[in-house]
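# Residue-level structural notes
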Amino acid sequence: MTATQTETPTALVTGGNRGLGLETVRQLGTAGYRVILTARDPAAGGAAANEADATFRPLDVTDADSIATLVDGLAGEGVRLDVLVNNAAIALHGFDADVARRTIDANVYGPLRMSDALLPLIPNGGTIVMVSSGVGELAGLPPRLRERFAAPDIGRGDVLALVEDFVAAVAEDRYREAGWPGSAYRVSKVALNALTRALAAELAPQRIKVNAACPGWVRTRMGGASAPRTVDQGAASIVWAATLPEDGPTGGFYRDGRKIMW
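Bear in mind that the values here come from a model prediction, so they are computed numbers and not experimental data.

### Remarks on the packing of helix α6 (residues 156-171) against helix α8 (residues 184-203)
Where α6 meets α8, the axes come as close as 8 Å, and the angle between the chain directions of the two elements is 165°. The angle between the axes of α6 and α8 places the two elements in the roughly antiparallel class. Where α6 crosses over α8, the handedness of that crossing is left-handed. For the pair α6 and α8, the contacting residues are R156, V159, V163 and F166 in the first and A184, V187, A191, A194, L195, A198, L199 and E202 in the second. Among the residues forming the contact of α6 with α8, the class breakdown is 10 nonpolar, no polar and 2 charged.

### Remarks on the pairing of strand β5 (residues 127-131)
Of all the 5 residues making up β5, 5 are buried; the element is thus mostly covered by neighbouring parts of the structure. Side-chain alternation along β5 places T127, V129 and V131 on one buried face and I128 and M130 on a second face that is also buried. With 4 bridges connecting them, strand β4 (residues 83-86) and β5 associate as parallel partners. Bridged to V83 within β5 is T127. A crossover links β4 with its parallel partner β5, the connecting element being helix α4 (residues 97-118), and its sense is right-handed.

### Observations concerning the packing of helix α1 (residues 19-30) against helix α9 (residues 231-242)
Packing of α1 against α9 brings their axes to within 8 Å, and their N-to-C directions diverge by 60°. Our classification of the angle between α1 and α9 gives oblique. α9 is crossed by α1, and the crossing has right-handed handedness. Where α1 approaches α9, its residues G19, L20, E23, T24, Q27 and L28 are matched on the opposing element by V231, D232, G234, A235, A236, I238, V239 and A242. Class assignment for the residues of the contact of α1 with α9 results in 8 nonpolar, 4 polar and 2 charged.

### What about the sheet that holds strand β7 (residues 253-255)?
Reading across the sheet, the 8 strands line up as β3-β2-β1-β4-β5-β6-β7-β8 and stay open at both edges, with mixed pairing between neighbours. Edge positions in the sheet fall to β3 (55-58) and β8 (258-259), since each of these pairs with one other strand and no more. Pairing of β7 with β8 involves 2 bridges; the strand directions are antiparallel. Paired with R255 across the two strands is R258, which belongs to β8.

### Re helix α3 (residues 64-76)
Between the first and last C-alpha of α3 there are 18 Å, a value that for 13 residues agrees with the 18 Å anticipated at 1.5 Å per step. Taken together, the buried positions of α3 are occupied by S66, I67, L70, V71 and L74. For α3, the arc enclosing every buried residue in end-on projection is 130°, short of the 170-degree limit, so these residues lie on one face. Away from the buried face of α3 by more than 90 degrees, exposed residues A64, D65, T69, D72 and G76 are located. Of the surrounding elements, those touching the buried residues of α3 are β1 (10-13), β2 (34-39), β3 and α4. One side-chain oxygen at the N-terminal end of α3 lies 2.8 Å from the backbone nitrogen of D65; it belongs to D63. One or two residues past the end of α3 sits G78, with phi positive at roughly 75°.

### A look at the pattern of salt bridges
Counted by the stated rule, this structure contains 14 salt bridges. Between D82 and R80 there is a salt bridge; the shortest N-O distance is 2.6 Å. Residue R156 is joined to E202 by a salt bridge in which the shortest nitrogen-to-oxygen separation is 2.9 Å. Placement of R156 in helix α6 and of E202 in helix α8 is noted, with a sequence separation of 46 residues between them. With a relative accessible area of 36%, E202 lands in the partly exposed category. One network of salt bridges, in which partners are shared, links E23, R26 and E51.

What counts and what doesn't
- Residues numbered from 1 in each chain as written.
- Predicted model: local features only at pLDDT ≥ 70, side-chain atom pairs only at ≥ 80, totals over all residues.
- Heavy atoms only, no water.
- Axes fitted to C-alpha atoms, helices over the stretch in contact; angles between N-to-C directions.
- Helix = DSSP H or I, 4+ residues; strand = E, 2+ residues; numbered from the N terminus.
- Parallel < 35°, antiparallel > 145°, perpendicular 65-115°, else oblique.
- Left-handed = near helix turned anticlockwise from the far one by under 90°.
- Contact = heavy atoms within 4.5 Å.
- Nonpolar A, V, L, I, M, F, W, Y, C, P; charged D, E, K, R; others polar.
- Buried < 20%, exposed > 50% of the residue type's maximum accessible area, 1.4 Å probe, protein only.
- Pairing = 2+ DSSP bridges.
- Right-handed = clockwise from strand over helix to strand, strands pointing away.
- Expected span 1.5 Å × (residues − 1).
- Arc of directions from axis to C-beta.
- Polar contact = N/O pair within 3.5 Å; in protein donor to acceptor, adjacent residues only side chain to side chain.
- Salt bridge = Lys/Arg side-chain N within 4 Å of Asp/Glu carboxyl O.

Here it is, written out as structure tokens:
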């Protein structure tokens, strides 16, 4: 099915085989979108797509070849992506240089790779959503790091320099002195929020909206059974950002449709 055959908008959700990703797929389908669900595991992803009446494509956001295969396939089918939801993320146990590198690679470089690779398929006026977290708020960082991440003119190069400094600081066991938190997941979400602002500025000429959505603390495998919010509530926050009108806001951080502090 191509954009020339239907006016139904198309959305792609990364990490869509379970939890927030799968519920986001379901809610976007209910809202009238044709949804492409991606996941690393073909069996789990295919089963989830069948359950949600979506189309499945295998994808590992940390693998350049996997991304290229996805993009080539979609382009060959004439797919136009009205919405990209960068949901795929990891939260690893422990804290060392390997955990820091793998977390940053999946949670920061992954959404950046996907946004860049799929940009030719996103029309002017399209939408990119970064699924973030309240742990990415800047309040807990020391002033030096907070100021650098909050810089009004921050660019992607600035963000990537910061995360590379973080990974190096962990490897050299100097992250405490540098003011970095002892959580790779938290740093990855701080950086994702900053990247959201940088990409929003880059893509403003094409009127492509880029926003970060916080689902809140949700009862998923990652969030745990004691989390206060349901998966439905968390996904609704993401879907709000994904279904903004063409003239909707860009470069913001939202929970439940309300702007929150960086």
